[in-house]
Amino acid sequence: MKKLTVEKIKNKFALNILSGFQSLDNIIEVYGLNRAGLELTGYYEDGQKSHRLILMSTKEYNYIMNYDEEERKKRYKNLLSKNIPAVIVTEKFIDKIFFEVGKELDFPILQTNYESTSDFTKDVLDLMDDYFAPSTEMHASFMNIFGKGVIIIGESGIGKSELAMDLVKSNHLFVGDDRIVVAKKSGQLYGRSHEILKNLVEVRGIGIIDIAKTNGYKVIMDESTIDMVIELSIFKKNGVDDSDRLGQGFNTYSILGTEVPYMKIPVSSGRNIQNIIETAVSKLKIIQSGLYKDDATLLTERAMEFSDD
């Protein structure tokens, strides 16, 4: 698993280093960003939560300034002696005693120029998601079609990569091919290309193609939610037709414990799979809008209309 260090946080958000220049390689091992209000009162949680990155701003400053210098120094030393990777302060936390203690202990204290602590917290947690969110890899092509992230799976050689190129030509967005990294963040699945294969498609008989160079970066989407899984299957494989001609809605496909709408589409000569997938995505959007009638209900209503005539 990738390691998140204090230095990566510093570089990502252009933080100023106030102390602890030699400790920027501290590893952040626990997800989350704690406000230090309780810690400054002397209360510390047991377990991993006490090892989170710390953020201090106006509230913490207003509280700690109720104490004299000696007491503040004592509380700061107690805070920085705990197993925390670093402390980040805003420009509103201006107690020089804290910075002196940080330099004395060579502890990493960094400063952000964000005006909003809530915005900063959100951005830090978004970055942490890339390191701590449950993840897996799928052998698939991944496209964003009509605003929906569609994972296309199927056995090797069935034409997933070629289909992805056809969809790109129809102005759909390319996310990745072959190795798709899936992460679960706040209960939602997100997918992106593996970094080694970013923007690349392998086409049998031609080789590796860089989609960004052949079609432009406008067709590239770095990351997308995963809203649907489509499996391509060979029509009448081993002489058996297992396709569903009259669907009763979408089945589901489990990824990291999350159920995603799933459809299996048989591939055969003469079938325009690109159009079929576009139609499947349109059907999903109609269902999610609440306007969809399942196939059996629609046919029954039509039959009743004609019988009345």
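Residues numbered from 1 in each chain as written. Predicted model: local features only at pLDDT ≥ 70, side-chain atom pairs only at ≥ 80, totals over all residues. Heavy atoms only, no water.

## Remarks on the layout of surface pockets
A volume near 540 Å³ is recorded for the second largest pocket. Listing elements by their share of the lining of the second largest pocket, those giving two or more residues are helix 6 (117-132), strand 8 (135-145), strand 10 (173-185) and strand 11 (188-193). With five residues, the top contributor of residues to the lining of the second largest pocket is helix 6. Here the residues of the lining of the second largest pocket sort into nine nonpolar, five polar and 10 charged. (1 Å grid on protein atoms, 1.4 Å probe; cavity = no way out; pocket = protein on both sides within 12 Å on 5 of 7 lines; lining within 4 Å. Points joined across faces, edges and corners; volume = space filled by probe spheres on them. Helix = DSSP H or I, 4+ residues; strand = E, 2+ residues; numbered from the N terminus. Nonpolar A, V, L, I, M, F, W, Y, C, P; charged D, E, K, R; others polar.)

## Overview of helix 6
Between its first and last C-alpha, helix 6 extends 22 Å over 16 residues, near the 22 Å set by a 1.5 Å rise per residue. Buried residues of helix 6: F120, V124, L127, M128, D129 and Y131, and no others. (Expected span 1.5 Å × (residues − 1). Buried < 20%, exposed > 50% of the residue type's maximum accessible area, 1.4 Å probe, protein only.)

## Description of the nonpolar core
Counting residues in hydrophobic clusters, the biggest one holds 29 residues, and the most contacted among them are M143, I152, F174, M228, I230, L232 and I277. Going through the elements one at a time, strand 8, strand 9 (148-154), helix 7 (160-169), strand 12 (200-203), helix 8 (211-215), strand 15 (228-234), strand 17 (258-267) and helix 9 (273-289) are the ones with two or more residues in this core. Ignoring sequence-local partners within four residues, the contact set of I152 consists of A140, S141, M143, K160, L163, L167, I230, L232 and I277. Formed by 20 residues, the second largest nonpolar core is a distinct cluster that contains L80, F93, F99 and F107. (Core = buried A, V, L, I, M, F, W, Y, C linked by side-chain atoms within 4.5 Å. Contact = heavy atoms within 4.5 Å.)

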